[in-house]
Amino acid sequence: MAHAPEPDPAASDLGEERPKWDNKAQYFLSCIGFAVGLGNIWRFPYLCQTYGGGAFLIPYLIALVFEGIPIFHVELAIGQRLRKGSVGVWTAISPYLSGVGLGCVTLSLLISLYYNAIVAWVLWYLLNSFQHPLPWSSCPPDLNRTGFVEECQGSSAVSYFWYRQTLNIAADINDSGSIQWWLLLCLAASWAVVYMCIIRGIETTGKVIYFTALFPYLVLTIFVIRGLTLPGATQGLIYLFTPKMHILQNPQVWLDAATQIFFSLSLAFGGHIAFASYNSPRNDCQKDAVVIALVNSMTSLYASIAVFSVLGFKATNDHEHCLDRAAPQGESGPPSRNILSLINEFDFPEQSISRDDYLAVLMHLNATWPKRVAQLPLKVCRLEDFLDKSASGPGLAFIVFTEAVLHMPGAPAWAVLFFGMLFTLGLSTMFGGMEAVITPMLDVGVLPRWVPKEALTGLVCLACFLFATCFTLQSGNYWLEIFDNVAASLNLLILAFLEVVGVAYVYGMKRFCDDIAWMTGRRPSPYWRLTWRVVSPLLLLTIFVAYITLLSQKPLSYRAWNPKYELFPARQEKLYPGWCSPPACCCPCCPCCGSRGSRFAQLLTRRRMWRDRDARPDTNTS
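Residues numbered from 1 in each chain as written. Predicted model: local features only at pLDDT ≥ 70, side-chain atom pairs only at ≥ 80, totals over all residues. Heavy atoms only, no water.

- Per an unreviewed UniProt entry, the chain carries the name Transporter and comes from Macaca fascicularis.
- One UniProt comment on the chain, placed under Sequence similarities (unreviewed entry), says "Belongs to the sodium:neurotransmitter symporter (SNF) (TC 2.A.22) family." (UniProt positions renumbered as here; feature names shortened; annotations may be inferred.)

Printed below as a string of structure tokens:
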């Protein structure tokens, strides 16, 4: 057997009692469910479309091969070999690295707070999808019922439902506002569902994961089949995947590709370490790392086809509406009747100008009668402009895609499927996030052994719910953006760097390779050793420096929804106030604080053990 760290007797006892997965499928689906999350649906398609379509896949695949898969392999291997959560793993490797484990727990807890708030938003939309017509299909009437709400008319029915009827968002982060009771109830329901699914750890999540991990693939397949049959789907996919190689000269493309791989695989959370710790010690973790990472990336591509086939349909519909139809009820802007305007101005026969001939006719008339054409209230209608109106994050799910669903026959059914898919995706990711928190707590023994695991899980979920109520305030969305853009990004980069350096240079490359050979039956190839020693650390360090550089060049800001803004419905760019800076700046210090805190905790534990030993009566005296 290869040399491995000798566990103490107490750890061995815990290892014998450690639960195990019922079968390999449960573990495999749990890792996929944790890795494949909301970002695969609403961030990867946006990045792929923004950065040159097919050209974006080049830096994406490079980052996958030299950053994503190697670090993912490290997490699965150390969790499986040492059979502990993140805190126990890094403490076993070196007491000086125990802060890495505590940093993973702290960060997973922090991310779970706002991630489940997003799941609560999804639940709110899911519940509102069981009605016809959908509540975001038209503007509500004003108080006098003589027209429509002015804010809705100035924007759109979809945006109004999201910003006003769902978030009831404040115009400034300084205005905290009140708790929105409907979001509070959805948040409580979301945490209740999470608690019921993780109440007994992998014993319960292993059963639920069959549905939460596989249902999104069923819905994606349905959307792909339906989307490809919609008019305009081809234009959407062509626009998505048409390579623009010149855009690779932009360093931002490479930075976003690397960070997307990193966050998509849920690296440095500690969840994969916890999941792997319940594996058989002889499991082939190398094969698991490669297969799960490839499945995750293929899911992102598959989701892009589903999303942009539907968005291509929406863009085509909006383009046709721009050409020859008036604005529908509740939408902003004057009616656009380009074709009708040309027919009336030049006395053409009705229906003599088709949509396909519009541009040719317009160019001819503009060349022969430029003054008459210039006086017409024509709107610029280019399909590319409508395809450009993509969005990332909640904007894609709650605004762009919900508007696209409105144009599809049987809109409520498609809305239920879409938000049901997002809800199960969010739950699967939450399972891994909470496992990353609870497993180390059980390993360390935060509570006495007589306290059941169900009680510890309930206390953690209750505490998370109470802290997450800040996201149900009218300013909650602005706070969520701080957590997501600053706290998560920087901390994950730091922790991942410490992980790969800790294994390669503290635990020792030879020792680590011996362990992998014992577990899998073969030693790691030069590719793995080179990436662990040099490539991955340098790549992570480069990403971190580039990220810090970008943050330093532009002050922290947020985009406020302000109906009184002169450019409304455009969102107003505002700087975060000074009192917001300390929380944002303190968040990246979690790993360092965790390291110091863990060393202090070890000191207190030793002193308590010495005190108990001194206070114990001497049994040798008579």
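## Some remarks on the environment of Ala-488
- Its place among the elements puts Ala-488 in helix α23 (residues 476-520).
- According to the relative accessible area criterion, Ala-488 is buried, its value standing at 5%.
- Put simply, Ala-488 and Phe-263 are 225 residues apart on the chain and 9.3 Å apart in space, counted from C-alpha to C-alpha. (Helix = DSSP H or I, 4+ residues; strand = E, 2+ residues; numbered from the N terminus. Buried < 20%, exposed > 50% of the residue type's maximum accessible area, 1.4 Å probe, protein only.)

## Some points on unusual backbone geometry
- Note that the residue after His-132, namely Pro-133, is joined by a cis bond; omega there is 0°.
- Locating Pro-133 in the fold gives a position in the loop between α7 (98-128) and α8 (150-154).
- The step from Phe-568 to Pro-569 runs through a cis peptide bond, and the omega angle for that step is 20°.
- Relative to the helices and strands, Pro-569 is located in the loop between β1 (557-560) and β2 (572-575).
- One non-glycine residue, Arg-83, lies in positive phi territory at about 55°.
- Here Arg-83 lies in the loop between α5 (57-82) and α6 (86-93).

## Quick word on the pattern of salt bridges
- What the rule picks out here adds up to 12 salt bridges.
- A salt bridge links Glu-151 to Arg-164, with the nearest nitrogen and oxygen atoms 3.2 Å apart. Here Glu-151, found in helix α8, pairs with Arg-164, found in helix α9 (residues 157-166); they are 13 residues apart in sequence, far enough to count as distant.
- Assessed through its relative accessible area of 15%, Glu-151 is described here as buried.
- Put simply, Asp-284 and Arg-522 hold a salt bridge, and the shortest N to O gap is 2.9 Å. With Asp-284 in the loop between α14 (271-276) and α15 (285-324) and Arg-522 in the loop between α23 and α24 (526-553), this residue pair connects regions lying 238 residues apart in the sequence. (Salt bridge = Lys/Arg side-chain N within 4 Å of Asp/Glu carboxyl O.)

## Re helix α21 (residues 411-444)
- With 34 residues, α21 extends 50 Å between its outermost C-alpha atoms, agreeing within 8% with the 50 Å of an ideal straight helix rising 1.5 Å per residue.
- Of all 34 residues in α21, 27 are buried, a share of seventy percent or more.
- Following α21 by one or two positions, Gly-445 adopts a phi angle in the positive range, close to 85°. (Expected span 1.5 Å × (residues − 1).)

## Examining the side chain of Ser-266
- For Ser-266, the position within the fold is in the loop between α13 (251-264) and α14.
- At a separation of 3.0 Å, a polar atom in the side chain of Ser-266 contacts the main-chain carbonyl oxygen of Phe-34.
- Residue contacts for Ser-266: discarding those within four places in its chain leaves Phe-34, Ala-35, Glu-75 and His-272. (Polar contact = N/O pair within 3.5 Å; in protein donor to acceptor, adjacent residues only side chain to side chain. Contact = heavy atoms within 4.5 Å.)

## Remarks on the packing of aromatic side chains
- Counted under the stated rule, the structure contains 37 aromatic pairs.
- Ring plane angle 80° and centroid distance 5.9 Å describe the contact between Phe-34 and Phe-269, whose orientation is recorded as edge-to-face. Linking Phe-34 in helix α2 (residues 24-35) with Phe-269 in the loop between α13 and α14, this pair joins segments that are 235 residues apart in sequence.
- Assessed through its relative accessible area of 11%, Phe-269 is described here as buried. (Phe/Tyr/Trp six-rings, centres within 6.5 Å; stacked < 30°, edge-to-face > 60°.)

## As for the state of the cysteines
- Per the stated rule, a full pass over the model turns up 1 disulfide.
- Across a sulfur-sulfur distance of 1.9 Å, Cys-139 and Cys-152 are joined as a disulfide pair. An S-S torsion of about -80° defines the bridge between Cys-139 and Cys-152 as left-handed. Of this pair, Cys-139 sits in the loop between α7 and α8 while Cys-152 sits in helix α8, and the two are 13 residues apart along the sequence. As far as the burial class goes, Cys-139 and Cys-152 line up, both buried. (Disulfide = S-S within 2.5 Å.)

## Quick word on the UniProt feature "binding site: Na(+)" (unreviewed entry) in the chain
- UniProt marks Gly-33, Ala-35, Val-36, Asn-40, Ser-264, Asn-296 and Leu-425 with the feature "binding site: Na(+)" (unreviewed entry), using the numbering shown here. Judged by maximum C-alpha separation, these annotated positions cover 393 residues in sequence but sit close together in space, the widest gap being only 12.6 Å.
- Structurally, the position occupied by Ala-35 is in helix α2.
- Not counting residues within four places of it along the chain, the set of residues in contact with Ala-35 comprises Asn-40, Ser-264, Leu-265, Ser-266, His-272 and Asn-296.
- With respect to the helices and strands, the residue Asn-296 is situated in helix α15.
- In this structure Asn-296 comes out as buried when scored by relative accessible area, which is 1%.
- With near-sequence residues (within four places) excluded, Asn-296 lies in contact with Ala-35, Val-36, Asn-40, Ser-264 and Leu-265.
- A distance of 3.1 Å separates the side chain of Asn-296 from the side chain of Asn-40, its partner in a polar contact.

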